[in-house]
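Examination of the molecular architecture
The lines below spell out each chain.
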Amino acid sequence: MEHQQRSQPRLSPSGDTEDMVMSLAPRLAYFAGVARTEHVTRAAQEMNVPQSTLSRAIVRLEQDLGVDLFARRGRTVSLTPAGRTFLTSVERALAEIERAADEVRADADAATGKVAFGFLHTMGAETVPGLIHAFRADHPRVRFSLVQNHGEAMLEGLRAGELDLCLTSPVPDAPDLVARRLDEQKLRLVVPAEHRLAARRRVRLAEAADETFVTLEPGYGLRRITDDLCKEAGFRPRVAFEGEEAETLRGLVAAGLGVALLPPPAVARPGVVELTVTTPRAIREIGVAWLDGHPDTPPVAAFKKFLLSRRGNLLPT
């Protein structure tokens, strides 16, 4: 039987692509099964579907495409040239679907699944490694995809489905998110070693009203907290440099380029002095957030439960 162009295809080449895909997709596995066996009855038996269902699916597929995929001799069939061309892409597509299905099943496995976890840059040196180490004592094969970013970017990652959970500050208050406060972290006024306040141990933030500040860029939670604390102390900070990472700011302070409000470092940095702020109360709250209504895989549920169990004991002492 020669390959023939069907005269009245259900979907023309200029038809809507999404409609075409929705129409073709359910029948691709049937087509591949018949192509593999070159026998409708045998394919139906192997795929455990009624022969009539399989035959109708193949006929409908050919009608949608507008071409004959098989030359028929009773229940025995053979691929037409168009059918062979189509089979190459169909097998590739089905293999990719199978690979994707295996991947998402593996990610959801309770013992070996994956957690996409976001956290602030300032928590990457010590806090998060310690948390994951403690969690893996009971879940040694759970895998992590780790993302360091500022708070707003991580919340967008939750909304986009790129993250399962994130540790962030301030604790977000949004209708599409669930957030739980876990701990609080003191912020210090970091000054150069030769600064006029460097001999002090404690300071009121208002005493730094005339200083030049180095801060994180707008959009970072710590920047918002810095601006709010300075406002509470009665002044607006004069910002000379804006950065993306707390330790870079410490380096700028050590170079004498300003002062900064920062959480404690993982390792003490020479060239700076870190002062306790007495007034106002200089802290940042740390919380865990996730997308409301988003179903958790077993590894995500286990890690979420673990994080919530660390309330008040999240940060290294």
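Starting afresh in each chain, residues are numbered from 1 along the sequence in its written order. Thresholds applied to this predicted model are a pLDDT of at least 70 for local features of residues and 80 or more for the giving and counting of side-chain atom pairs; totals over whole chains, interfaces and linings are not thresholded and use all residues. The side-chain values count all of the structure's non-hydrogen atoms but skip hydrogen atoms and water molecules.

Remarks on unusual backbone geometry
Omega for the bond connecting Ser169 with Pro170 falls within 30 degrees of zero, at -5°, which places this linkage in the cis form. Secondary structure is summarised from DSSP: a helix means a run of H or I of at least four residues, a strand means a run of E of at least two, and numbering begins at the N terminus for each. Inspection of the secondary structure assignment puts Pro170 in the loop between strand S5 (165-168) and strand S6 (177-186). Of note in the backbone geometry, Asn48 takes a positive phi value of approximately 60° without being a glycine.

Some remarks on the side chain of His150
By the element assignment, His150 lies in the loop between strand S4 (143-148) and helix H7 (151-159). Nitrogen and oxygen atoms within 3.5 Å of one another constitute a polar contact, given that in protein one can donate a hydrogen and the other can accept it, and given that sequence-neighbouring residues count only through two side-chain atoms. Polar contacts involving the side chain of His150 include one to the main-chain carbonyl oxygen of Gly219, which spans 3.4 Å. Contacts between residues were defined by any pair of non-hydrogen atoms, one from each residue, lying within 4.5 Å. Apart from residues no more than four positions distant in its own chain, His150 is found in contact with Leu120, Gly219 and Tyr220.

Quick word on the nonpolar core
Generally speaking, soluble globular proteins have nonpolar side chains that are buried together. Counting residues in each nonpolar core, the largest one holds 34 residues, and the members touching the most others are Phe117, Met123, Leu165, Leu167, Phe303, Leu307 and Leu314. Elements with a contribution of two residues or more to this core: strand S3 (114-119), helix H6 (127-135), H7, S5, S6, strand S13 (283-291) and helix H10 (298-309). If one sorts the elements of this core by residue count, S13 sits on top with five residues. Not counting residues within four places of it along the chain, the set of residues in contact with Leu167 comprises Phe117, Gly118, Phe119, Leu120, Met123, Val128, Leu131, Met154, Leu182, Gly287, Val288 and Leu314. Take the buried Ala, Val, Leu, Ile, Met, Phe, Trp, Tyr and Cys residues and link them wherever side-chain atoms come within 4.5 Å; each set so joined is a nonpolar core. Here's how the labels work: a residue is buried when its accessible area is under 20% of the maximum for its type, exposed when over 50%, partly exposed in between, all with a 1.4 Å probe on protein chains only. Within the second largest apolar cluster, 30 residues are counted, among which are Tyr220, Ile225, Val259 and Leu262.

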